[in-house]
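Notes for the structure review
Spelled out, the chains give:
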Amino acid sequence: ENIFDGLTSAQCAVLMETQTGRVLYEKDAHTRLPMASTTKIMTALVALEYACPDDIVTVDKRAVGIEGSSVYLKENEVLTVGELLYALMLRSGNDCAVAIALHISKSVEDFAMLMNDMARALGLKDTNFVNPHGLHDDGHYTTAYDLGVISCAAMQNPVFRQIVSAKRVYIGRGENRRLLINKNKLL
């Protein structure tokens, strides 16, 4: 019996060593399931591949009012890609995911193609993205194993590591200035 058995109530799980990708524990690790907001890990990876954190983004009206978690972006608000990435990862901003996608691509669908291209480059066979935020769609899925691979790739990126390890950060200017506090209790 594995020492990890009984430690999780998760339907599927994987424990993977970050540097090597070696699987230390798995439970139904290749079962396809919806990935919800963990989608944003790949959104950040693609953003860091195709844009610089200092790039200026003017928020497109299509990124305003996205359902679910949000930082309440305003049309024509100006932020950097880096600020949007902090809001994406610390506050799970669905609106930020769309703003990033539209900054890099002409549409959410085009950005999802970049996400799928990166997934294939990582060798993933059981993952498909249709949006940058993870709101439910039957065609949007991954496995615990594939999510582990994505997470390992993300943690090897120094900018991603800096963002997800930040305890608190301010983004925006003037009346649109926001304080983001990381909810990760391990920090």
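Cut-off values and rules
- Residues numbered from 1 in each chain as written.
- Predicted model: local features only at pLDDT ≥ 70, side-chain atom pairs only at ≥ 80, totals over all residues.
- Heavy atoms only, no water.
- Helix = DSSP H or I, 4+ residues; strand = E, 2+ residues; numbered from the N terminus.
- Rg over C-alpha atoms; globule rule 2.2 N^0.38 Å.
- Buried < 20%, exposed > 50% of the residue type's maximum accessible area, 1.4 Å probe, protein only.
- Contact = heavy atoms within 4.5 Å.
- Lys, Arg positive; Asp, Glu negative; His and termini not counted.
- Charge placed at Lys NZ, Arg CZ, Asp CG, Glu CD.
- Disulfide = S-S within 2.5 Å.
- Polar contact = N/O pair within 3.5 Å; in protein donor to acceptor, adjacent residues only side chain to side chain.
- Phe/Tyr/Trp six-rings, centres within 6.5 Å; stacked < 30°, edge-to-face > 60°.
- Lys NZ or Arg CZ within 6 Å of the ring centre and 35° of its normal.

**Structural notes on the overall build of the protein chain**
Scanning the protein chain from terminus to terminus reveals six helices and six strands. Reading the helices (α) and strands (β) of the protein chain from amino to carboxyl end gives β-β-α-β-β-α-α-α-α-α-β-β. The C-alpha atoms of the protein chain give a radius of gyration of 17 Å, which matches the 16 Å a tight globule of 187 residues would have. Classification of the 187 residues of the protein chain by burial places 46% in the buried group. Partitioning the intrachain contacts of the protein chain with sequence separation of at least 6 by distance along the chain shows that 58% fall at a separation of at least 24. The average position of the 19 basic charges and that of the 22 acidic charges among the side chains of the protein chain differ by 7 Å.

**Let's talk about the state of the cysteines**
In total, this model carries zero disulfides according to the counting rule given. Cysteine Cys52 remains unbridged, with the sulfur of Cys96 as its closest cysteine sulfur at 19 Å. Its relative accessible area of 45% is what places Cys52 among the partly exposed residues. The class for Cys96 is buried, based on a relative accessible area of 0%.

**Quick word on unusual backbone geometry**
For residues that are not glycine, phi is negative in most cases, and the peptide bond is trans in most cases. The phi dihedral of Asn76 falls on the positive side, at around 70°, and the residue is not glycine. Of note, Asn76 is situated in the loop between β3 (56-58) and β4 (78-80). One non-glycine residue, Ser92, lies in the positive phi region at around 55°. Within the fold, Ser92 resides in the loop between α2 (81-91) and α3 (94-104). Under the relative-accessibility criterion, Ser92 is labelled buried at 18%.

**Some remarks on the environment of His103**
Of note, His103 is situated in helix α3. Accessibility expressed as a relative area gives 31% for His103, which makes it partly exposed. Separated by 48 residues in sequence, His103 and Asp55 place their C-alpha atoms 9.4 Å apart. Beyond its immediate chain neighbours, meaning those up to four positions away, His103 contacts Ala51, Asp55, Ile56, Val57 and Val81.

**Things to note about the side chain of Asn131**
Relative to the assigned elements, Asn131 resides in the loop between α4 (108-121) and α5 (144-155). For Asn131, a relative accessible area of 7% corresponds to the buried category. Among the polar contacts made by the side chain of Asn131, one reaches the main-chain amide nitrogen of His133 at a distance of 3.1 Å. Contact partners of Asn131, with chain neighbours within four places excluded, come to Thr39, Val108, Ala112, Met115 and His140.

**Here's the deal with the environment of Gln19**
By secondary structure assignment, the location of Gln19 is in the loop between β1 (13-16) and β2 (23-27). Take Gln19: its relative accessible area is 60%, and that puts it in the exposed class. Sequence separation of Gln19 and Thr143 is 124 residues, and the distance between their C-alpha atoms is 20 Å.

**Looking at the environment of Gly148**
Residue placement: Gly148 occurs in helix α5. Given a relative accessible area of 11%, Gly148 falls into the buried group. A C-alpha to C-alpha distance of 7.5 Å links Gly148 and Leu15, two positions 133 residues apart in sequence. Non-local contacts of Gly148, meaning those with residues more than four positions away in its chain, are made with Val14 and Met16.

**Some details on the packing of aromatic side chains**
Tallying each qualifying case throughout the model produces zero aromatic pairs. In this structure, Arg177 is placed above the aromatic ring of Tyr170, and the distance from its NZ or CZ to the ring centre is 4.1 Å.

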